[in-house]
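Spelled out, the chains give:
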Amino acid sequence: MTLPDAGTGRRGDRRPPVFLARRSYRRRRMMDACRMLPILGAALWMIPILWHPADTAADDTAPGIVYLFAVWIVLVALAAALSRGLTRALEDGEDEGG
Amino acid sequence: MVPFDLLVAGCIAYVILLFAVAFVAERRARSGRGGWLRSPWVYTLSLSVYCTAWTFYGAVGFAARSGLEFATIYMGPTLIMVGWWWILRKLVRIGRTQRVTSIADLISSRYGKSNLLGVIVTLLAVVGTAPYIALQLQSVTLSFGVFAAASPQGWALPDQGVTAIWVAAGLALFTILFGTRNLDANERHHGVVIAIALEAVVKLVALFGVGAFVVWGVAGGVGDVLAKIEASPIADWPLQPGRWIGLTFLSAAALLTLPRMFQVLVVENADERHLATAGWAFPLYLLAMSLFVVPIAVVGLERMPAGSNPDLFVLTLPLSEGNGGLAILAFLGGFSSATSMVIVAAIALATMVSNHIVTPLWLSLRAGGARAAGDVRGLVLTARRLSIGVVLALGYGYYSLSGGSEALAAIGLIAFVGLAQILPAMLGGIFWRGATRVGAGAGLVTGFALWLYTLFLPSFGSSGLISAEVLVEGPFGWGWLRPQALFGIEGIDPLMHAMIWSLALNTAAFLIGSLLSFPEPLERMQGAAFVHVFDQSRGTRGWSRGGAEPEGLLVMAQGILGGEEAQRFFQAAAVEQGKAGFLPDTTPDFIDRLERRLAGAVGSATAHAMIAQFAEGAAVSVQDLMAVASEAQQIKEYSAQLEAKSEELARTARQLREVNDKLTDLSVQKDAFLSQISHELRTPMTSIRAFSEILMEPDLPEPMRAKYAEIIHEEAIRLTRLLDDLLDLSVLENRKAQLTVQVANLHDLIERAITSASSTRPDRDFTFHRDLPTEHMAVYTDTDRLVQVFINLVSNARKYCDADHPELTIRVRRAGARVEVDFVDNGSGIPKKSQSIIFEKFSRLTDTSRAGGAGLGLAICREIMANLGGTIEYLPGQGGAAFRVSLPVRRGLTRAA
C-alpha cells in the first residue's frame, strides 16, 4: 500500500518519492527474509538426500563437502547482509511480534 | 615426543592465564571500565561452548566413521542462528523482561510460576548433563594419556583417575570463584564469559593450526586433499536420509534447550543487538570449526596405523609427524573445549538446583516461611556453590563408574535427545497461548520417561540397568515394549527410534494436555506476557491490588538482594512516587517490579511464593484476566487508563492526607512546645529566683550558701544550653553557620563521639558492634559538627534503646563519592507513624522529660547534615531504630569558604 507523495514527487526528479512507510516496509521484509533463511538453508542442505549418495556407485564425499560448505557460506553471507538493517530496526524499536 | 612435564607445565600456565583473565575482567567490569566486555564479539565467542571436547576431538572420529554426517551437528545450530529473528530474539526478550535465570526458570515462569515444572526440567538437565561432563573429563584424561603413554595411541593410562580428579577440582574452583560472585542472573558473569571467549579463540586456532598443517604440511594442498578423499575409505557417502534430517533437527533443538547454551544465549546476553552479529558470526565460527574435519580424518586414516583411535587424530597426527608444538596447541584446544563446557554447564545447573530445589525446600521447611526468611542470599549462594561441587562430583562419579569406556562417546547425542524433550514445552510456551501447565508437565514427563527407557538406560549396555533379556524380549516378555523396538517397529537406528518416539509422544501429551486442561489465572497472564512479549501496549501485571506492608517487603528483599541493593531499589521507587525515605507505596506496579527483581536472583517461582506471603489476596483475579483475555481491547484499555488515573488520584489524595496529618501533628506539637518551652524556661527561672532570694539572707551558713549558688549556676547553664540550641538551630536553618572544614579520619570521629556520649546514662551496659577496618577513611568536612551529629545519635540510642542488653551497630560504607554511616540499635525501633516527624523541631516521642532535651537534637542533626551537603534519614526494617548519615567524602570548597 503506497500513496504518491504530493510534495517531492516532481517530474524529472530521479529520486524515489519519499514517503514515510517505505523504510519500515523494507525493514519488515528484511525481518521476513531473516525468518526465511533457516527454511532456505534446511531445504538446500536436505537436497543431497535426493542424490541417493548411498545407492550410487560414484564417490560423493568430495563434491558433497564442496556443496555443503558452499551453502554454508551463502547462509552466512545472507545473514551478515541482513544484520545491519535489522540492528537498526532493533535500535528504533520497530519490533512487532508477528 | 613432547616431554610430559612440559605439557603439564604448559597446561598449568594456561589455567593460570585463564584465572588471570577472568580476574581482570571482573575487576574492570566492577570499576565500570568494561565496555568491551559487552561487545557482540565476546557474546559470539561465548556461544562456542556449543563446541565441546566431543566436537573438538569427536568430530574427526565421527567423520572417519561415517563421513559427512558429522556436519549435521553444526548445521542445526547454523539454521537456528541465521533465523535469529524468529525464536532467539523472542527468547532473549522474554529472558530480559521476566528476568529468567535458567531454562528451568523459563518453563516454570511461563506455566504459572510452577515450581514443579522447574524441578522436572532441573532433573532432566542434571541427568542429561552429568554424563556429558563425564565425557569432557574423559577427553582430557585421554589426551593426557596420549602424551603420557610411550606409544602415541596408548590406551593404558597410568593415572587417569587422578588426572580426572584434578581437572574436576580445578574446574569446580574456577566455577565457584567466578560463577557465584553475584546472585542476580541478570548481572553477568564477566570473568567467566571472557575466559570462555578466550578459550573459543584457542579452540579455533588449534583446530585451524592442525588443519593447515595437515592440508599443506602433510598433504600437498587442497587438490591433493580432495584426491585423498576420493581414495579414502569414506570416499562414498553413505547418507541415511533419516539420520541426516534427524541429527540436523536434533542439533538445532540442542542449541535451544541445552542448559549451557541457554545460559550463554539468553541469560548472559547483555543486548539484543548482539544477536544480529552472532546471527552470522557464530555460523561462520561453526563453519571454520568443521572446515578441516574431513581432511584431518582422511589423512589420519591414511597415515596412522590401523586400529588407532580416530577420535584422537587431532592430537596423534601432529605427534606422529613430529610436530610437538602443534600437538600441545591441539591439546590446549581440546582442553579449552572441555573446560568451557563444564564451567558453563556447572553454573547453569547449579542455578537451577539452588533456585528450584534447595531454596524452595529450605523455605518450606522453615517455620514462618518467607516472612521469617532472613538471609536468603547467603543460603542461595552457598547452595549454588555446593551444587557446582555436586554437579562436578556427579560427572566424575559417572566417569569412574563407566570406567572411561567407549560407551561414553555416544553420550553426546544421547544427552541431546534428552534435553530436546524441553523443546515442545518451550516453543509451545512462547508461541501458543493455549499451552498449559498440565500439558507441559505431561509432555515433559512422557518424554523424559521414554528417553530414559529407550535410550539412556540401554546406553549402559546389557550389563547395565536394563538386562539383555529385556532388550531382546521386552519387559515381562511383552515384545511390543522392547526398549529399542517400541510397538514392534524394528530396524530403526536406536537413536532415531528414541528421538522419534519420545518427541512424538511428548508433543502429543503436551498438546492433548493443553487442550483438555484449564489454566489458572496466573498461567494465562504469564502466557500472554510470553507470547505477546513484543506487544508492549498490553501491560500484564501479576498483582491487581497493592497494600502489602512495605516494611516487611523491605526486610525480605534485604535478605535476598543484600541490604544496600534492596534499600537503593526501594528508595528509587519511593522517589519515583514522589515520596521521601525508603518506603514506597506498595502499588501493584511496584510489587510486580519487586517480584521480577527478586526473580532474577531466586527464580520466578520462589520470588512469587515469597511475595505472595505479603500480598495475600492481592494475586490475579478473574476480573484482571478479563483485561488480558478479552478481545474488546480498546474498551478495556480505556477503562484501564481511567482506573490508572483514579488510582493515581487516590494516591495523590493519600499523599495529601499524609502531609495534612503531618501539618496537624506539627501544629499540635508547636503548641505543646510553646507550653513546654515556657515550662522549661520557667522552672530554672523560678528556682534561680527562689535561691537568689535565700542568698540575700545575711546570716546564711557558708555551706548552704555554696550549695545554693551551685544550684543557681546549674540552672543558669541549663537555660543557656536551651537558648544555645535554639540559636544554633536558627543559624543552621538559615544556612549561615560558619563551617571549619578539615581532614579527619572517620574512625577517630566515631571514637570521639562514643567517648563523649558515654556520659549519657552511664549506668547502662552498652555493647558496640563495629567493623574497625572499614572505618578508616579520610573525610574532608566540618569535623566538630559531624561529631555533634554522631554524639546525638549515640546518646539517643543510649537513652531510648529499650532492649535488655542494648547494642549499637555502627556500619561505615563507601558509596561512590559519598560515605554512609549507619547507626542501628536493637531496641523496638520507631513506630511507622512517628518516622516521618522525628526530624521535625520540638518532636518528642516520649512525653517524659527524662531526656532532658527539648526535642531539638535530631532537628539540629538534620540541619547540620544539610549544611555539610549530606543527609540523615531513618532506615526502616533493620530490627531496631536505625539512622543513616550520608555525606560527601569531600565537601565542596565553594560552600565551605
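Residues numbered from 1 in each chain as written. Chains lettered and ligands numbered in written order. Predicted model: local features only at pLDDT ≥ 70, side-chain atom pairs only at ≥ 80, totals over all residues. Heavy atoms only, no water.

### Describing the nonpolar core
All names here are of chain B.
Okay, so step 1: The biggest cluster of nonpolar side chains holds 193 residues, and the ones touching the most others in it are Phe70 and Phe331.
Okay, so step 2: With 19 residues, the top contributor of residues to this core is helix α17 (residues 324-365).
Okay, so step 3: For this core, the two domains that each supply at least three residues are domain 1 (38-360 + 376-411) and domain 2 (422-534).
Okay, so step 4: Not counting residues up to four positions away in its chain, the partners in contact with Phe70 are Ala59, Phe62, Ala63, Ser290, Val293 and Val294. (Core = buried A, V, L, I, M, F, W, Y, C linked by side-chain atoms within 4.5 Å. Buried < 20%, exposed > 50% of the residue type's maximum accessible area, 1.4 Å probe, protein only. Helix = DSSP H or I, 4+ residues; strand = E, 2+ residues; numbered from the N terminus. Domains from an automatic or database assignment. Contact = heavy atoms within 4.5 Å.)

### Points about the side chain of Thr339 of chain B
All names here are of chain B.
Okay, so step 1: Turning to its location among the elements, Thr339 is positioned in helix α17.
Okay, so step 2: Here Glu199 takes part through its side chain, which lies 2.7 Å from a polar atom of the side chain of Thr339.
Okay, so step 3: Setting aside anything within four residues of it in sequence, one finds Thr339 in contact with Leu171 and Glu199. (Polar contact = N/O pair within 3.5 Å; in protein donor to acceptor, adjacent residues only side chain to side chain.)

### Concerning the sheet that holds strand β9 (residues 882-888) of chain B
All names here are of chain B.
Okay, so step 1: Pairing in this open sheet of five strands is mixed, and the strands run β4-β6-β7-β9-β8 from one edge to the other. Edge strands, defined here as strands with exactly one partner in the open sheet, are β4 (767-770) and β8 (871-874). Ignoring strand direction, the axes of neighbouring strands in this sheet form an average angle of 15°.
Okay, so step 2: Here strand β6 (residues 807-815) runs beside strand β7 (residues 818-825); their pairing, made up of eight bridges, is antiparallel. Its bridge partner being in β7, Ala815 is matched across the sheet by Arg818. (Pairing = 2+ DSSP bridges. Axes fitted to C-alpha atoms, helices over the stretch in contact; angles between N-to-C directions.)

### A short note on helix α4 (residues 58-66) of chain B
Okay, so step 1: The buried count for α4 of chain B comes to eight of nine residues, which makes it a mostly enclosed element.
Okay, so step 2: Of the surrounding secondary structure, the elements contacted by the buried residues of α4 of chain B are α3 (53-56), α5 (72-82), α12 (241-257), α15 (293-303) and α16 (313-320) of chain B.

### Observations concerning the confidence of the model for chain B
Residues and elements named next belong to chain B.
Okay, so step 1: Looking at chain B as a whole, its pLDDT mean stands at 81, while 87% of the residues score no less than 70.
Okay, so step 2: Taken element by element, chain B is modelled with least confidence in helix α37 (residues 893-896), mean pLDDT 41, and with most confidence in helix α20 (residues 423-431), mean pLDDT 93.
Okay, so step 3: Predicted confidence is poor over residues 150-157, with pLDDT under 50, and the contacts of this stretch with residues over four places away or in other chains come to 11 contacts.
Okay, so step 4: Counting contacts from residues 893-897, a segment whose pLDDT is below 50, to residues more than four positions away or on other chains yields seven contacts. (pLDDT = per-residue confidence, 0-100.)

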